[in-house]
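Inside the fold
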Amino acid sequence: MDAIELDPHHVPDPNDPSRPQKRPKMNRYALACAMLASTNSVLLGYDIGVISGAVLFIKESLHISSTQEEILVGSLNVCSLIGSLASGKTSDYIGRRYTIVLAAATFFIGALLMGLAPSYPFLMAGRVIAGIGVGYSLMIAPVYTSELSPAMSRGFLSSLPEVFITLGILIGYVSNYALSGLPHHLNWRLMLGLAALPAVAIAFGVIAMPESPRWLVMKGRHGEAKKVLLRTSESKEEAEFRLREITHAAAQANSDSIDGTWHGQGVWKDLLWRPSPATRRILVAAIGINFFMQASGNDAVIYYLPEVFKAAGIKNKRMLFGINVIMGTSKACFVLFSALFLDRFGRRPLLLLGSTGMMVSLAILGMASKFLESGHKPLWAIVVSVIAVCADVSFFSIGLGPITWVYSSEIFPLKLRAQGTSLAISVNRLVSGVVSMTFLSVTNEISFGGIFFVFSGIMVVGTMFFFFKMPETKGKTLEDIGALFEDKKTTSVEMVGM
């Protein structure tokens, strides 16, 4: 490897001929690394999908109450808050790659405890440990992928975690359907315990991945960073340009970063105690999109869909699981569509399309549920409800699902990225836990129809927030994105005009 002579204070020229000017073909090495890192997200998706059916048998096997059911379902999300908060500092210290291994190992322990649990307390212990692993994986997969990816394909690659979450949900639904015929004391244990198998494969597979080039630069390991960039770029010139941009950003962020002594210190002060105007706008955008992602009720709809349709008049468990498979298939198709076209259409158009579609779908679902609650349960109303649920999760998969992870991992500057993203995703997990743990209690007070109207109203506010606060980041390098948040007036004009 040639010696590297870099001036950390050199400002890269935007007209540099080595800067990528057109859409290159997908880099296969970057794609393979992004897919392997994102595979961790299958674990969360599988748990979301499988617990919705497993809990029906857990109630019968362990004789738990509705309140215990809410705590069981929502505890994983609340406890993932611990992993999300810790993941930023951890990944700054030990690296992005080993944080992914830590996430998989933690989830493996939790899955084993859940599968072997002899009682409700043991089951809860497994949920707590698995939740911490989920918190780690939700932050680190998109951050690692965004830091490794070339700018022109970053949208697709950074949306892969949501693709794998959706794939995991579908696998969880299929597992429910396939194992539902087994004895009730055994089927839910297999449903939950099977998640330990992919966790082992992921942990060993990730060891073969390279470290994030941006983390390597922050540690002063420029030679290793260049090797990674040469493999994830289409030319030596592009790799050298990316390295110059990263080195310049690292030098601006922290003088310690160029001699390898930086371990994430000072970030919380820059984020919360004395943020610059640009950092404050980035925080609002990142926390806002994560808040609305979960306040939309998407996780709660998935978790409690069998309960919703039991109330609508569908009593057969296999039929309920069959509806779940249909919904999961629809969700998977649309998230793949969004991932494939995210770098072509941009983040904003798909985000606004998805949030508007969710708003309408939830309103229709609320009206259909209100009609079913009136005492009449005609087939057409059940069909409308099923279609509305499929539309809701499909629009989520077009917009908020993948784009939340993309935005969260790309808008923070290099020094703040890991811990800033962890803060935003901690809000995500907190809101998800609160919604999941109160969904049944709230519906007992205002009915299923009422809560779907509430979710629809939240999406009205969310759509307005996205329109005014979320700039387009398509095609920009991570080092360029910060400029979008620098000038409030310019940023507002750019966003409204897009």
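Quick note: structure is the one above.
Residues numbered from 1 in each chain as written. Predicted model: local features only at pLDDT ≥ 70, side-chain atom pairs only at ≥ 80, totals over all residues. Heavy atoms only, no water.

The next point concerns the overall build of the chain. A tally of helices and strands in the chain yields 22 helices and zero strands. Put simply, the chain has 498 residues, and 59% of those count as buried. Within the chain, counting contacts between residues at least 6 apart in sequence, those at least 24 apart form 84% of the total. (Helix = DSSP H or I, 4+ residues; strand = E, 2+ residues; numbered from the N terminus. Buried < 20%, exposed > 50% of the residue type's maximum accessible area, 1.4 Å probe, protein only. Contact = heavy atoms within 4.5 Å.)

So, about unusual backbone geometry. Outside of glycine, negative phi angles account for most residues, and trans bonds account for most peptide bonds. In the Ramachandran plot, H63 falls in the positive-phi region, its phi being about 55° despite a non-glycine side chain. Mapped onto the fold, H63 is located in the loop between α2 (41-62) and α3 (66-94).

Quick look at the packing of helix α7 (residues 160-179) against helix α8 (residues 184-193) now. Look at α7 against α8: their axes get within 10 Å of each other, and the N-to-C directions meet at 155°. As far as their axial angle goes, α8 and α7 are roughly antiparallel. Crossing of α7 over α8 shows right-handed handedness. Contacts from S175, N176 and L179 in α7 reach N187, L190 and M191 in α8. Looking at side-chain class alone, the contact of α7 with α8 contains three nonpolar, three polar and no charged residues. (Axes fitted to C-alpha atoms, helices over the stretch in contact; angles between N-to-C directions. Parallel < 35°, antiparallel > 145°, perpendicular 65-115°, else oblique. Left-handed = near helix turned anticlockwise from the far one by under 90°. Nonpolar A, V, L, I, M, F, W, Y, C, P; charged D, E, K, R; others polar.)

It is worth spelling out helix α20 (residues 414-469) at this point. A rise of 1.5 Å per residue sets the reference length of α20, with its 56 residues, at 82 Å; its end C-alpha atoms lie only 21 Å apart and thus fall more than 12% short of the reference. A bend of about 105° at I446 is the largest found in α20. (Expected span 1.5 Å × (residues − 1). Bend = angle between axes of the 7 residues up to and from the residue.)

Before going further, it helps to examine helix α16 (residues 317-345). When the terminal C-alpha atoms of α16 are compared, their 40 Å separation across 29 residues agrees well with the 42 Å that a helix rising 1.5 Å per residue should span. Of all the bends in α16, the largest measures some 30° and sits at A339. A positive phi of about 95° marks G346, the residue just after α16.

A general feature of soluble globular proteins is that nonpolar side chains tend to end up buried together. Ranked by size, the top nonpolar core spans 129 residues in total, and within it I58, L192, L400, I411, F439, F452 and F466 carry the most contacts. Element by element, the count of residues in this core is highest for α20, at 16 residues. Ignoring sequence-local partners within four residues, the contact set of L192 consists of V50, I51, A54, I58, A111, M114 and L123. V42, V163, V335 and A339 belong to the second-largest nonpolar core, a separate cluster that totals 10 residues. (Core = buried A, V, L, I, M, F, W, Y, C linked by side-chain atoms within 4.5 Å.)

Summed over the entire model, instances satisfying the criterion amount to two cavities of 30 Å³ or more. Roughly 100 Å³ of internal volume is contained in the largest cavity. Taken together, the elements giving at least two residues each to the lining of the largest cavity come down to α2, α7, α14 (277-295) and α15 (298-312). Grouping the amino acids of the lining of the largest cavity by side-chain chemistry returns eight nonpolar, two polar and four charged. (1 Å grid on protein atoms, 1.4 Å probe; cavity = no way out; pocket = protein on both sides within 12 Å on 5 of 7 lines; lining within 4 Å. Points joined across faces, edges and corners; volume = space filled by probe spheres on them.)

Here α16 crosses helix α17 (residues 347-373) at 130°, and the two axes come no closer than 7 Å. The angle between the axes of α16 and α17 places the two elements in the oblique class. Contacts between α16 and α17 pair S338, F341, L342, D343 and F345 from the former with R347, P349 and L350 from the latter.

Taken as a whole and assessed by the stated rule, the structure comprises 10 salt bridges. In this structure, the salt-bridge partner of D343 is R347, at a minimum N-O distance of 3.2 Å. You'll find D343 and R347 in the same group, each marked buried. Linked through salt bridges whose partners overlap, the residues forming this network are D92, R96, E147 and R417. (Salt bridge = Lys/Arg side-chain N within 4 Å of Asp/Glu carboxyl O.)

Another point: the packing of aromatic side chains. Within a pair of aromatic rings, the relevant descriptors are the distance that separates the centres and the angle that separates the planes. Applying the stated criterion across every chain yields a total of 11 aromatic pairs. Aromatic pair F292 and F466: ring centres 5.9 Å apart, planes at 80°, arrangement edge-to-face. Taken together, the residues F292 in helix α14 and F466 in helix α20 connect sequence positions 174 residues apart. This pair shows no difference in class: F292 is buried, exactly as F466 is. A centroid spacing of 4.9 Å and a plane angle of 40° characterise the contact between F337 and F341, whose relative ring orientation is tilted. Taken together, the residues span about one helical turn, with F337 and F341 both in helix α16 at a distance of four residues. (Phe/Tyr/Trp six-rings, centres within 6.5 Å; stacked < 30°, edge-to-face > 60°.)

Looking now at a nonpolar patch on the surface. A cluster of nonpolar side chains, namely Y93, I94, Y98 and L102, defines an oily patch on the protein surface of about 380 Å² accessible area. The set of elements that each furnish at least two residues to the nonpolar patch consists of α3 and α4 (96-116). Within the secondary structure layout, Y93 lies in helix α3. Relative accessible area serves as the criterion here: at 52%, Y93 is assigned to the exposed category. (Patch = residues over 30% accessible without salt bridge, like charges linked within 9 Å, V, L, I, M, F, W, Y side chains within 5 Å. Areas by Shrake-Rupley, 256 points an atom, 1.4 Å probe, with all protein chains shown as cover.)

Our next topic: the environment of A249. Note that A249 resides in helix α12 (residues 236-253). Its relative accessible area of 16% is what places A249 among the buried residues. Measuring from C-alpha to C-alpha, the distance between A249 and L478 comes to 9.5 Å, with 229 residues separating the pair along the chain.

By themselves these figures say nothing about function.
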